[in-house]
Amino acid sequence: MIDIDVVHDFSDKESLFQATAAQVVQVLNQSPSKPVTMALSGGSSPARLFELLTRPPYSENMPWGRLAVFWVDERMVPYDHKHSNFALAKKWLLDHVPVNHSRVFPMPTDFPTPEAAAQAYEQTLRKVFPEMAWPRFDLVLLGMGPDGHIASLFPGDPALRDAVSWVTAVPMPGMPPSVPRLTLTLPVLNQARHILALVPGAGKRNAFINASTSSESILPAALLAPQGKIAWLTCFQE
Ligand code: 6PG
């Protein structure tokens, strides 16, 4: 169940995104690791956050030179496809900041099956986080769907129960776009040093209430049990 003490509600979405951008800068500058690692979600919400990170006062305080960028999940579409989470980050963030592109690790979507792609990304992560039982990202940026999903972990999906893989395939996502997905697993998300979870929009309110008030909630957002720090940033105004 979501701990209400780590929920920060905002009266408007712009305030939510501004506060999130400030927290991204603060978190990445306190993480000791070189390079500092950040895993991005996709969907529609992050675009404004990404855009803010390309501008003062945030851009000048981001540790771009030691930042390594990963993805929380991806749709099995080409990198220039409108549903690509990589394309979203490239358009609104990566094309506008001095990140070292050799430290940008998109999830591979050109494999014959999502299972093979998931295994390939897991091998990439195991090279970045060698000899670790689980990868520990300095920052994981999450969104939440109106059904309470996080990453591409949908309610009732077997992927939610994967306690072994670092990356898994989701052949039948529970929400559009209905293309196979790749996703970090729940244990990996829980290992993050910091999670910032964005929940902007009235359509997410009911799922969020369920996940934050019912101890019996089985929504993926409610199943998150972070070992590190988490902040939920919400705004239920349209
Ligand atoms: C994805 C995202 C997903 C997203 C939620 C919220 O690939 O769809 O990573 O987990 O965070 O679906 O999406 P919106 O930001 O579009 O509401």
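This section reports on the structure supplied with the text.

What follows covers the packing of helix 2 (residues 46-53) against helix 3 (residues 85-92). Between helix 2 and helix 3, the shortest axis-to-axis distance is 8 Å and the interhelical angle comes to 35 degrees. Pair helix 2 / helix 3 crosses with right-handed handedness. When helix 2 is examined against helix 3, the residues Pro46, Ala47, Phe50 and Glu51 are found in contact with a partner set consisting of Leu88, Ala89 and Trp92. Considered class by class, the residues forming the contact of helix 2 with helix 3 number six nonpolar, no polar and one charged.

With that out of the way, let us pick up the sheet that holds strand 5 (residues 139-143). Strands sit in the order 1-9-8-5-2-3 across an open sheet of six strands; the sheet is parallel. Of all the strands in the sheet, the pair left with one neighbour each is strand 1 (7-9) and strand 3 (67-71). Strand-to-strand, the axes of this sheet are offset by a mean angle of 20 degrees, without reference to chain direction. Bridge analysis of strand 1 against strand 9 (residues 229-235) gives three bridges, and the strand direction is parallel. Looking across to strand 9, one finds that Asp9 is bridged to Thr234.

In the neighbourhood of the ligand, 15 residues make up the surrounding shell, with Ser45, Asp73, His149, Ala151 and Lys204 lying closest. Coverage of the ligand by the protein chains reaches 89% of its 410 Å² of free accessible surface. In the shell around the ligand, the residues fall into two nonpolar, nine polar and four charged.

Moving on to the packing of helix 1 (residues 13-30) against helix 2. Two numbers describe how helix 1 lies on helix 2: the axes approach to 9 Å, and their chain directions differ by 55 degrees. Our classification of the angle between helix 1 and helix 2 gives oblique. As helix 1 packs across helix 2, the resulting crossing turns out to be right-handed. On helix 2, the residues touching Glu14, Phe17, Gln18, Thr20, Ala21, Val24 and Val25 of helix 1 are Arg48, Leu49, Leu52 and Leu53. Considered class by class, the residues forming the contact of helix 1 with helix 2 number seven nonpolar, two polar and two charged.

Summarising the element assignment, Ser165 is placed in the loop between strand 5 and strand 6 (167-170). The exposure class assigned to Ser165 is buried, which follows from its relative accessible area of 19%. Within polar-contact distance, the side chain of Ser165 engages the side chain of Asp162 at 2.7 Å. When residues no more than four places from it in sequence are discounted, the contact partners of Ser165 are Glu122, Trp134, Thr185 and Val188.

In terms of burial, helix 2 is largely enclosed, as seven of its eight residues are buried. The set of residues buried in helix 2 consists of Pro46, Ala47, Leu49, Phe50, Glu51, Leu52 and Leu53. The secondary structure elements touched by the buried residues of helix 2 are helix 1, strand 2 (36-40), helix 3, strand 5 and strand 8 (194-200).

What follows concerns the sheet that holds strand 6. Taken in spatial order, the three strands make up an open sheet running 4-7-6, and their pairing is antiparallel. Each having just a single partner strand, strand 4 (73-75) and strand 6 make up the two edges of the open sheet. The average angle at which neighbouring strand axes cross in this sheet is 15 degrees, direction not considered. With three bridges connecting them, strand 4 and strand 7 (residues 181-184) associate as antiparallel partners. Its bridge partner being in strand 7, Glu74 is matched across the sheet by Leu182. Sitting on the sheet, helix 4 (residues 114-128) is in contact with strand 6 and strand 7, with an inclination near 165 degrees to strand 6.

Attention now moves to the packing of aromatic side chains. Describing an aromatic ring pair means giving the distance of the ring centres and the angle of the ring planes. Applying the stated criterion across every chain yields a total of eight aromatic pairs. Judged by centre distance (4.9 Å) and plane angle (50 degrees), the ring pair of Tyr79 and Phe86 falls under tilted. On the basis of relative accessible area, Phe86 is assigned to the buried category, the value being 12%. Every member of this aromatic cluster is reached through a ring pair, and the members are Phe70, Phe105, Phe129 and Phe137.

Turning our attention to the environment of Arg48. Here Arg48 is to be found in helix 2. The sequence separation of Arg48 and Lys13 amounts to 35 residues, and the corresponding C-alpha distance is 9.5 Å. Beyond its immediate chain neighbours, meaning those up to four positions away, Arg48 contacts Glu14, Phe17, Gln18 and Arg55.

Parameters and conventions
Residues numbered from 1 in each chain as written. Predicted model: local features only at pLDDT ≥ 70, side-chain atom pairs only at ≥ 80, totals over all residues. Heavy atoms only, no water. Axes fitted to C-alpha atoms, helices over the stretch in contact; angles between N-to-C directions. Helix = DSSP H or I, 4+ residues; strand = E, 2+ residues; numbered from the N terminus. Left-handed = near helix turned anticlockwise from the far one by under 90°. Contact = heavy atoms within 4.5 Å. Nonpolar A, V, L, I, M, F, W, Y, C, P; charged D, E, K, R; others polar. Pairing = 2+ DSSP bridges. Near = heavy atom within 4 Å. Areas by Shrake-Rupley, 256 points an atom, 1.4 Å probe, with all protein chains shown as cover. Parallel < 35°, antiparallel > 145°, perpendicular 65-115°, else oblique. Buried < 20%, exposed > 50% of the residue type's maximum accessible area, 1.4 Å probe, protein only. Polar contact = N/O pair within 3.5 Å; in protein donor to acceptor, adjacent residues only side chain to side chain. Phe/Tyr/Trp six-rings, centres within 6.5 Å; stacked < 30°, edge-to-face > 60°.

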